[in-house]
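Report on the structure
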Amino acid sequence: DAEITQSPRHKITETGRQVTLACHQTWNHNNMFWYRQDLGHGLRLIHYSYGVQDTNKGEVSDGYSVSRSNTEDLPLTLESAASSQTSVYFCASSEYPQGKLFFGSGTQLSVL
Amino acid sequence: GIQVEQSPPDLILQEGANSTLRCNFSDSVNNLQWFHQNPWGQLINLFYIPSGTKQNGRLSATTVATERYSLLYISSSQTTDSGVYFCAVDNYGQNFVFGPGTRLSVLP
């Protein structure tokens, strides 16, 4: 069955370190998204991609970057981790143009 | 940008009861989806429903796009229905905007 997987499931890092969260989907979807979920703020869009070599900033993109070198993967990089980036991160994918959205299981990131 | 509201924010039910969750949005949309986040944090897509009515077992959803709202019905609720229910709307390519969610607790 097609799926979307995130790794790691849990990550603890220190302030100032670079961190990369992986997202891999086997749906062959063009659209991929990264969200963060925080109490009181719900799900907020960080970055998104509509295809290979396409990346776009979302609502809360400061301090994050993504790259899309193939259809299956959209890694999320925190350039210099900050405590404010402690959150649960979800990757999602959908068919183009705006099909059904499928989520990965999430990554719990703690920045100490 | 488009605003999404959900009501009620919290709901407590006894097992076997029925419930209706509401999602209001402030502008026309071409895509609306309902999700269930279970107590383990997984987000499951329940419905892709930009308009009309769909049913899936004990769950059904109706979207009235012209009046800018959608309803999620849960019948004969079970403890496994507990969690947070989100609606998300897409305003013609502006990407999905999520509502704040309705937290449902089903008691045995």
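Residues numbered from 1 in each chain as written. Chains lettered and ligands numbered in written order. Predicted model: local features only at pLDDT ≥ 70, side-chain atom pairs only at ≥ 80, totals over all residues. Heavy atoms only, no water.

**So, the overall build of chain A**
Assigned secondary structure in chain A consists of 0 helices and 11 strands. Its helices and strands in sequence order give chain A the pattern β-β-β-β-β-β-β-β-β-β-β, from N to C terminus. Computed over the C-alpha atoms, the radius of gyration of chain A is 13 Å, within 12% of the 13 Å expected from 2.2 N^0.38 for a compact globule of 112 residues. The buried share of chain A, taken over its 112 residues, is 47%. Of the roughly 5400 Å² of accessible surface on chain A, 46% is carried by carbon and sulfur atoms. (Helix = DSSP H or I, 4+ residues; strand = E, 2+ residues; numbered from the N terminus. Rg over C-alpha atoms; globule rule 2.2 N^0.38 Å. Buried < 20%, exposed > 50% of the residue type's maximum accessible area, 1.4 Å probe, protein only. Areas by Shrake-Rupley, 256 points an atom, 1.4 Å probe, with all protein chains shown as cover.)

**Re the environment of Ser82 of chain B**
Residues and elements named next belong to chain B. Topologically, Ser82 is positioned in the loop between strand S8 (69–74) and strand S9 (83–90). What makes Ser82 buried here is its relative accessible area of 14%. Put simply, Ser82 and Gly41 are 41 residues apart on the chain and 11 Å apart in space, counted from C-alpha to C-alpha. Only 3.0 Å separates the side chain of Ser82 from the backbone oxygen of Thr79, close enough to count as a polar contact. (Polar contact = N/O pair within 3.5 Å; in protein donor to acceptor, adjacent residues only side chain to side chain.)

**Comments concerning the sheet that holds strand S7 (residues 59–64) of chain B**
Residue and element names in this part refer to chain B. Pairing is antiparallel in the open sheet, where 5 strands are placed in the order S1-S3-S8-S7-S6. Sheet topology places strand S1 (4–7) and strand S6 (52–56) at the edges, where each strand pairs with a single neighbour. Sheet twist, expressed as the mean angle between neighbouring strand axes with direction ignored, is 15°. Relative to S7, S6 runs antiparallel, the two being bridged by 5 bridges. Opposite Lys54, over in S7, you have Ala61 as the bridge partner. (Pairing = 2+ DSSP bridges. Axes fitted to C-alpha atoms, helices over the stretch in contact; angles between N-to-C directions.)

**A word on the interface of chain A and chain B**
Contacts between chain A and chain B engage 14 residues on the former and 15 residues on the latter. Summing both partners gives a buried area of about 1400 Å² for chain A against chain B, and 57% of it is carried by carbon and sulfur. Here chain A and chain B share 0 salt bridges between them. The interface formed by chain A and chain B contains 6 residue pairs in polar contact (both at pLDDT 80 or more). Counting only elements with at least two residues in the side of chain A that touches chain B, the list comes to strand S4 (31–38) and strand S5 (42–51) of chain A. With 4 residues, S5 of chain A is the single largest residue contributor to the side of chain A that touches chain B. (Contact = heavy atoms within 4.5 Å. Buried area = accessible area lost by both parts, 1.4 Å probe. Salt bridge = Lys/Arg side-chain N within 4 Å of Asp/Glu carboxyl O.)

**Overview of the confidence of the model for chain B**
On average, residues of chain B score 94 in pLDDT, and 98% of them are at 70 or above. Strand S10 (residues 96–98) of chain B is the least confidently modelled element of chain B, averaging 90 in pLDDT, while S8 of chain B averages 98, the highest of any element. (pLDDT = per-residue confidence, 0-100.)

**Some thoughts on the packing of aromatic side chains**
Counted by the stated rule, this structure contains 12 aromatic pairs over all chains. Seen from the ring of Tyr69 of chain B, Arg22 of chain B lies directly overhead, with NZ or CZ sitting 4.2 Å from the centre. (Phe/Tyr/Trp six-rings, centres within 6.5 Å; stacked < 30°, edge-to-face > 60°. Lys NZ or Arg CZ within 6 Å of the ring centre and 35° of its normal.)

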